[in-house]
Every structure is written in C-alpha cells, then in structure tokens.
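The primary structure of each chain is shown beneath.
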Amino acid sequence: MKPDWFKKRPLFWVGTVASVIVFFILLSALSGWAVKWLWMRQMGYDPIFWRLLSIQWILFGLTFSGVFLYLWVNLRFALKSDSAPEGNAVRISSKMAKAVAVFLSLFVALIFARVFYGKWDTYLRFFWGGGFGQTDPIYGRDVGFYLFCLPFYELIQNGLLALTLTTLIFIFLAYLSLGTLQMQRLPAPRPDPTVVRHLSLLFVFFSAALAWGFYLDRFELLYATRGVVYGVGYTADHITKMNLWVMLCISVALGILMLFNLFKPRFKTALIGAGTYFLLYFILISVIPGLVQKFKVSPSELELETPYLKHNIRLTRKAFQLDRIREKAYPALTQLTKEDIPRNQETIDNIRLWDWRPILQTYRQTQEIRLYYRFYEVDVDRYHTEDGFHQVMLSGRELANKLPHKAATWVNERLQFTHGYGLVMNFVSKEAEGGFPQYIIENIPPQSRYGLTVARPAIYYGEKTAGYRIVATGVKEFDYPKGNKNVYADYKGDGGIPLDSFLKRVLFAWSESDINILLTSYLEPRSRIQIWRRIHERVSKIVPFLKLDNDPYLALSEGKLYWIQDAYTVSSDFPYSEPHKSKLGSPNYIRNSVKVVEDTYNGVVRFYIMDPDDPVLQVYRRAFPGVFRDLSELPGDLKRHLRYPEDLFTIQADMYKTYHMTDPQVFYNQEDLWTSSEEKYAGSSIPMQPYYILMRLPGTKELQYILMMPFTPQERDNMVAWMAAKCDFPQYGHVLVYRLPKERLTLGPIQIEAMIDQNTAISEQLSLWDQKGSRVIRGNLVIIPVDNAFLYVEPVYLTAEGTNIPQLKRVIAVSGNKVIMAPTLHQAISALFGASPSGRKGTRPLVQTRELRNAARTFHDAQTAMEKGQWEAFGKAMEDLKGILAPEE
C-alpha cells in the first residue's frame, strides 16, 4: 500500500525522486569532466580536452534538437484529439497528448544523440581529413574519400534512415491507436485523407534516405565479401553496382509516387508501392547477383576474377605496408662450419638463453626483495655497457597493487607506499653460478658492475600501477628498505594535480569515492594527487583516437627511467584491403605513426612522429596542433632504444603469409600459403612468437637489433622463409624476408624439437632430472641465421619442488643433423664443430649414455636407501650422483 503522503501528491514525489536521480547523474558527469580537465591541464593537453568535448556536445546538441523537433512535430500532429472519428477512437486529453509526444520525442532524441556523441572520431576525420594521393580502381576516387568522408556520410544517412523509419512506425501506431486507421476493414482500410497525406509525406522522406543509402552502398562494394575476392568482384562490378543504381531510381520513383498521394490520397496505392519496392530490392540485390555468381562466375572464376584479385592483392599490400618488404634469397646451407663461428662471435654471444616466462619467476623470487614490490613483465632491449654492446632483459620493480593485509591501511596505501623502485637487468646469454642470470643491474638501491647508473629509480607511473596516490604530504614516503631500517623520501616532482584548495579535495573525494581525502590532516598546500598512473591508461586518455601496442617497455636513459609505448593509426575503411583480426580490432589499414615516451617519476607524456607521411596522423596533427613532436626532438640516447613494435610485426607477418603471393593464379589456388612455425613449450606445441635478437644479418658487418619470425608452409613442418624487421637507425623499419631454397629441406622448429626428443642421450638425461622433486622446462627454441646456415638453440631449465626459481642447467644446440647438449652455449657450439670445449673449467659438453646408466643406477640406490632409512648410504649415493652429473659444478 502507498503511504498517505504519496497518495496526496504523487506527481510531486515522483518528480522529486526523478530530479534527485538526474541531479546525481549530472553531478557524476560534471565531476568526471572536471577531473579530466584538471588532469589534462596538468599534463599540458587541455586543448585536446576542450576540442573533443566541444565536438561531442555539438554532435549531441544538434542531433538531439533535430530529432526531438522532427519527432515531436509529427507526434503532435498525429495525437490531436480532434483527429479521431467519433465513436471509433480512444479519446485522450490534450494535456496527455502533449506529454506523450514530449516523452517519446525526448526518449528517441536521447538515444540518437548518445550515438552521435560517440562518433566524434568520425567527425574529426571528416572535418580535418585530406587526400591519400592514390585512387581506387573502380570509381577513381581518392582513398581519402573512403577513410575520411564516406564514414561520415554513412553516419548521417543511417541516422536519417533510422529517424524517418522510427517516426513512420510511431505515427502509424498512433493513428491505429486513435482509430483513424483501422486495418481490419475490408477489402482495404479507408483512413482519413489527412492521415494518408501524413504517412505519405513521411514515406517521401524515408524514400529519399533510402535513395541516398543506395548511392553510398555503391562505394561499400569495395568492402564486399561475396566470392573469392575481398572487395568488388566480377558480380559486384557488373551486376550489383548497376542494380544499386536501379534501386536508387526506384526509391526516387517511390518518393514521387508518395508525393502524388498527397494530392489524391490512396492508402491502397501506398501499400502496393511499398510492397513492390521491397520485392524488387530482394530480387535485384540478393537473387540476381547470387544467380550470376553461381552460374556465370563460379564456372570461370579465375578468368573473371583475375583483375579484381590484382586489386585486392595490390591494395592490401599497400594498406599493411607489405609492398615495402624486400625479399632476398637465403641459401640455408645444411650445416655451419668451424670457420663460421669466429666471424659471427658477437651474434653467438647474444643468443637469447633466457625465456621471459622462467626468468620472470626468477626475478620475483630473487629480486622483489619485499612483499610490496612486484615484477609484472619482462622486456627485451639492447644496451652499451663497459664490456660491449649486449642484448638484455629487464623489468621495473613496481609497487604491488595490494599491500600485505596488516599493512593495508589508508595512510599506507595512499600516502606512504607511493612508488616502485628501480629495475633489474641481465644479459640474455650469460649465466652466473648455479644457473642464475648474470645481472647487469640488481638489488636495492640499484647496483651495476657494468657502468650503468640509475640516478632516479623511483617508479610513480608504471605498466600495472593501479589506484591513486597522494604525494608531498605530511607523511614521509617509503623509498626502499636498507637493512633493518627503511629509507624515506619526499616527492620533489611535478607529477599529479595540486590539491591546493578545499574544492579540489571535495572533487577528488567524490570522484574517487574516498571521504578520507577530505578528512585527512596529512594534506598540505603542496600535496598532489596522482591518478591514472598506468602508462596504457594515461596515453589512451590523452589521445583516445590512437590504438596502443599491448607491450610498453621500460628504458634506462642517462640515469632516468622511461616507458616507451608504440601507438598506431588504424582504419577499417581502406578500399579492397583485407581486414586483420587482432588485439587492435579488425583494421584493414595500420601505421605505427607515433612513439610515446613517459617519465616514470613525473608522468610527463610526449608524442613523437614516426611516420609524417601517414594521412591519418595528419588529420590529428591538424586537429590538435602542437601535440605531436618531430622525432628529432627525442633525445638521442632514448632514440637508440626504439624498436620495431611486435604487434605491428605480427600483423604484417600474418598478412604476408598469404599476400606474399602476388600472382593472381597462385593466390587464387593458394599454392604457396605459409603459416606460423610451431615449437614445444611445457609439453605442448604452440605457435612461435616473434622474438628480438642482436645479430649480424647476412651480408652485413655490424650488429643489428632485429625482430624475427620463421615461416613454414601450410600443413608442413619444414621452414620456408624468415622475416626480419630492423630496429636500429638509420635503417629502422626496413623489413626483409629471406626465402629458403625449395629444392631441398630446411628443418623447421617442430622438426628440430623432434630431433631433440629422439636423441637418446638427451632424452634420458632430461627424464632422469624430471623425477619427483624437480621439473624440467625446455625454453623457447631460437633460430639464428649465421652467415648462410641456421643454428638452433634451446635452453633447459630445472626447478625444484616447493620452489619456483628456474635455473639454467643445459643448452641444446643443433646444426645440420648434429644435436648437442652441454652446460653452456659455448661448450655446446664447440662440441658441434669438434673443437675443444671452452667456457667454465672442467665442464663437459655432453653426459654420455654410459654415465646416464650409472646415474640411473646410483639414483635407484639412493631411493632404496632412503626407503630403508639408511641415511649414511643415501648421502653417499647422492654424492656419487652429483659427481656423475656435474663433477666440477
């Protein structure tokens, strides 16, 4: 039962509740905009904020007002109480009619306005877009029309079509409910002529929107998927394109027919015209093209589709920059020679032996130091140290997202534990005693024996850093542990928004849903609140029109730490280009046009132009002048850490598997289709991922940092080619594909894995280790081109039960038909070529089969002694086993 106070004034209380709800919605929106503006202003990018917000609200306001007025005028006309015939209609009051018209108009207008509010990027590209300097092969229009203009035209056309159709339905239902249009009358309804005129006029507008849609649909054929070609094929070019013109003319004719209906209203004529229209649409757009495709094109598909296949191949290669890839022949000799090794010693010294998955666990177990630190990702880069140029692995020691339970107080979480500290870095190809990585930088504070210094190790902004923090308060910030004591710091940077007024404290208390910001006594006039501290989150909020690579990476430059983030311009509207499904969506055009650099201490974000010729980036440069900087402004030391992005390389490699075939007949038959190579990891076959390697490419003299990926033929395991992207300037971005000889077999990764499995000495040793109490992990198989032949290297790690600290115990090297496992890479390579083992004194390249049998027998004796409780015999057997497996280790 409703209370008395509600019964007396129901409309008042309903209005009050509704007003409160609307108030809090508006308050939430306004506070969100205020926070975003303060943050963007502090970052120096408030012009982006104001331009995007103004565009969004102009789109919202124009759409809302236009839709509301159009629908309200039509509904008011239909809902007039005197339009219903006496005795037939459900009469409603004038006040109720106005309320219904206003409510429906507001509701529909809000939906349309919300859709257009989110289409700000479509407007940006339309208003500031330009030309590509390249035309499509069907209509001869500049490609810029398809990327910048067509999406906006389609937005307007679809909006008008949806609005006229929605209005037509609402008005039709309104007249039915009023009784002025009674469908049960036979043989045909006889509505009021005014009703027929009204519906006819609406249908005129609907027909005009349809006609415009058919005109635009002609260009949409460039993204058609019917037949063997992505884009316009034979049927679309010769049949569908013409039929769309026919439907356009029919739409215009239908509109003219409805105009005549204004002067001599005939409802039956309108129904027949509409029915005939949709029947013709079905026949012309679906039936006839389908029949032509099946009975004319399919029997002679290659001959008829060849010109269109050429368009698809050429424009897809253009959109993904596959046309810039240079192909070379690679001899892939059967086996390396002893003479090849000294000439390529720098390449050998930088072969990656550490897999990011095992080493991440090693970092966490040995270098996190305290529970409030966390390593989240491992990055790969190259650095000049005192002893040369090396490929390294590194990871930032970020602040953990959750403190230990007893320490998780508000003061600790928000004021005292504010930042991570330093990083860990190791050589990719070296190990220390015990199978641990050889660190270049380690411990807290960061220490290095190789000439690298970390002058500013604090990490306030990170890859996984979550939640807000308040710095420069009355609470000293924890900096790092030192023995039994802690070292504290006071933030001296300018990262974050100053909390220098009561209103700001109220604003952030509301936006963060945390009243402690308002109540705490620790805040000072110099205090600053740091929000959106994740690199991906920060960049996407500043430039939401760019797509971001999934792997930002840490760089140490002149003693300071920076995050480097790759950003892409993408589009799904490049004509004739096949889309690629990935983490970036389904673009059919992509450019790595921007490099983003962020300071880990102050959170300063800078955008540097990598591809000034990209027409999509030029849109945003015109829309937001001063945001994007020339690459020459990037400090030289940081520029040396730029690398070709893995996401882009993966997309290009995926597309190149098919689009390396440029001959239409070969492409049509899919004669030379490639696929990603596979390798074994943790007992399963998985696709190989691209990997960075520091090496000397065939025919060059200097070390180069490259991103590499091998290919195998479809449904075959042998290797057919490998792809490499150069990361060092001045050749940054040059992508090469080395094709392997077709007349002989070149072993692929999974075949190498099989060779390792079939080597009895290696498999017996690994099986022996992989007993209860330990686990063997075979890491990534790395394929290294050395001059004119391949060297295959796979690390072997061992972890003990109850711990998760993988140790590098063996290295497997393969060349030709020879497989060697040794304690170190250099020993394995020496054994491959019959040379004396080099490396650690006293170690052996391979444990022989006889020794394995002795080891197995000794291990069995140890187990028996343990079961009987004969601990002295057990200890002796274990010492004997240690002497057999690694006598000098």
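Here, the structure is the one placed above.
Residues numbered from 1 in each chain as written. Predicted model: local features only at pLDDT ≥ 70, side-chain atom pairs only at ≥ 80, totals over all residues. Heavy atoms only, no water.

Caption draft 1: Up close: a nonpolar patch on the surface. Together, Leu279, Phe282, Ile283, Val287, Ile288, Leu291 and Phe295 make up a nonpolar patch on the protein surface, roughly 630 Å² of accessible area in all. One can find leucine 279 in helix H9 (residues 267–297). (Patch = residues over 30% accessible without salt bridge, like charges linked within 9 Å, V, L, I, M, F, W, Y side chains within 5 Å. Areas by Shrake-Rupley, 256 points an atom, 1.4 Å probe, with all protein chains shown as cover. Salt bridge = Lys/Arg side-chain N within 4 Å of Asp/Glu carboxyl O. Helix = DSSP H or I, 4+ residues; strand = E, 2+ residues; numbered from the N terminus.)

Caption draft 2: Representation of the side chain of arginine 505. Tracing the backbone shows arginine 505 in helix H15 (residues 502–511). Of the buried charged residues, arginine 505 lacks a salt bridge, with aspartate 500 as the closest side chain of opposite charge at 9.9 Å. Ignoring anything within four residues of it in the chain, the contact list for arginine 505 reads Ile517, Leu518, Leu519, Thr520 and Leu523. (Buried < 20%, exposed > 50% of the residue type's maximum accessible area, 1.4 Å probe, protein only. Lys, Arg positive; Asp, Glu negative; His and termini not counted. Contact = heavy atoms within 4.5 Å.)

Caption draft 3: Up close: unusual backbone geometry. With an omega of -10 degrees, the peptide bond between isoleucine 444 and proline 445 qualifies as cis. Cis peptide bonds are those with omega within 30 degrees of zero, and the linkage from phenylalanine 729 to proline 730 qualifies with 10 degrees. Note that proline 730 resides in the loop between strand E27 (721–726) and strand E28 (735–739). For glutamate 715, which is not a glycine, the phi torsion comes out positive at approximately 60 degrees. Assignment of secondary structure puts glutamate 715 in the loop between strand E26 (704–713) and E27. A residue is classified by how much of its surface remains accessible, and glutamate 715, at 68% relative accessible area, is exposed. The backbone of aspartate 787 sits at a positive phi, close to 55 degrees, despite the residue not being glycine. Within the fold, aspartate 787 resides in the loop between strand E30 (782–786) and strand E31 (789–800).

Caption draft 4: View of the packing of aromatic side chains. Applying the stated criterion across every chain, the model contains 62 aromatic pairs. Between the aromatic rings of phenylalanine 145 and tyrosine 146, the centroid separation amounts to 5.2 Å while the plane-to-plane angle is 80 degrees, which identifies the pairing as edge-to-face. Grouping residues by exposure puts phenylalanine 145 and tyrosine 146 together as buried. Positioned above the aromatic ring of tryptophan 532, the side-chain terminus of lysine 541 is 4.4 Å from the ring centre. (Phe/Tyr/Trp six-rings, centres within 6.5 Å; stacked < 30°, edge-to-face > 60°. Lys NZ or Arg CZ within 6 Å of the ring centre and 35° of its normal.)

Caption draft 5: Local environment of the nonpolar core. Phe508, Ile542, Phe607 and Phe628 are the most contacted members of the largest nonpolar core, which has 250 residues in total. In terms of residues, this core owes the most to one element, helix H6 (residues 143–178), which gives 14 residues. Apart from residues lying up to four places away in sequence, phenylalanine 607 is in contact with Tyr45, Val539, Ile542, Val543, Val594, Lys595, Val596, Val627, Phe628 and Arg629. (Core = buried A, V, L, I, M, F, W, Y, C linked by side-chain atoms within 4.5 Å.)

Caption draft 6: Region of interest: the sheet that holds strand E4 (residues 388–396). Taken together, the five strands give an open sheet; going across it, the order is E3-E4-E7-E8-E9, and neighbouring strands pair in antiparallel fashion. The open sheet has two edge strands, strand E3 (379–385) and strand E9 (447–448), and neither has a second partner. Where strand E8 (residues 437–442) and E9 come together, two bridges link them in antiparallel fashion. Across the sheet, residue glutamate 442 finds its bridge partner in E9, namely glutamine 447. (Pairing = 2+ DSSP bridges.)

Caption draft 7: Region of interest: the packing of helix H7 (residues 193–220) against helix H8 (residues 234–263). The interhelical angle for the contact between H7 and H8, taken along N-to-C directions, is 165 degrees, at an axis separation of 8 Å. In this view, H7 runs roughly antiparallel relative to H8, as classed from their interaxial angle. The way H7 lies across H8 gives a crossing that is left-handed. Across the contact of H7 with H8, the residue classes tally to 18 nonpolar, five polar and three charged. (Axes fitted to C-alpha atoms, helices over the stretch in contact; angles between N-to-C directions. Parallel < 35°, antiparallel > 145°, perpendicular 65-115°, else oblique. Left-handed = near helix turned anticlockwise from the far one by under 90°. Nonpolar A, V, L, I, M, F, W, Y, C, P; charged D, E, K, R; others polar.)

Caption draft 8: Molecular detail of the sheet that holds strand E15 (residues 528–530). Taken in spatial order, the three strands line up as E11-E15-E14 in an open sheet, and their pairing is antiparallel. Across the chains shown, the open sheet's two edge strands, defined by having one partner strand only, are strand E11 (469–471) and strand E14 (497–498). Here E11 runs beside E15; their pairing, made up of three bridges, is antiparallel. Directly across from arginine 469, in E15, lies its bridge partner glutamine 530.

Caption draft 9: Examining the pattern of salt bridges more closely. Overall, the coordinates contain 27 salt bridges when judged by the stated rule. The partner of glutamate 368 in a salt bridge is arginine 374, and the shortest N-O contact between them spans 3.7 Å. For glutamate 368, a relative accessible area of 10% corresponds to the buried category. Here aspartate 757 and lysine 680 are joined by a salt bridge, their closest N and O atoms 2.9 Å apart. Here aspartate 757, found in helix H22 (residues 749–758), pairs with lysine 680, found in strand E23 (residues 678–681); they are 77 residues apart in sequence, far enough to count as distant. Residue classification places aspartate 757 among the partly exposed residues on the basis of a relative accessible area of 30%.

Caption draft 10: Expanded view of the packing of H6 against H7. Two elements in contact, H6 and H7, have axes separated by 9 Å at closest approach and are oriented at 155 degrees. With respect to each other, H6 and H7 are oriented roughly antiparallel. Seen along the crossing, H6 lies across H7 with a hand that is left-handed. Of the residues that constitute the contact of H6 with H7, the class distribution is 23 nonpolar, five polar and two charged.

Caption draft 11: Broad picture of the environment of arginine 382. If you trace the backbone, arginine 382 turns up in strand E3. For the pair formed by arginine 382 and methionine 393, sequence separation is 11 residues and the distance between their alpha carbons is 8.3 Å. Those residues in contact with arginine 382, other than ones at most four positions away along the chain, are Phe389, His390, Gln391, Arg640, His641, Leu642, Arg643, Tyr705, Cys727 and Asp728. A distance of 3.3 Å separates the side chain of arginine 382 from the backbone oxygen of cysteine 727, its partner in a polar contact. (Polar contact = N/O pair within 3.5 Å; in protein donor to acceptor, adjacent residues only side chain to side chain.)

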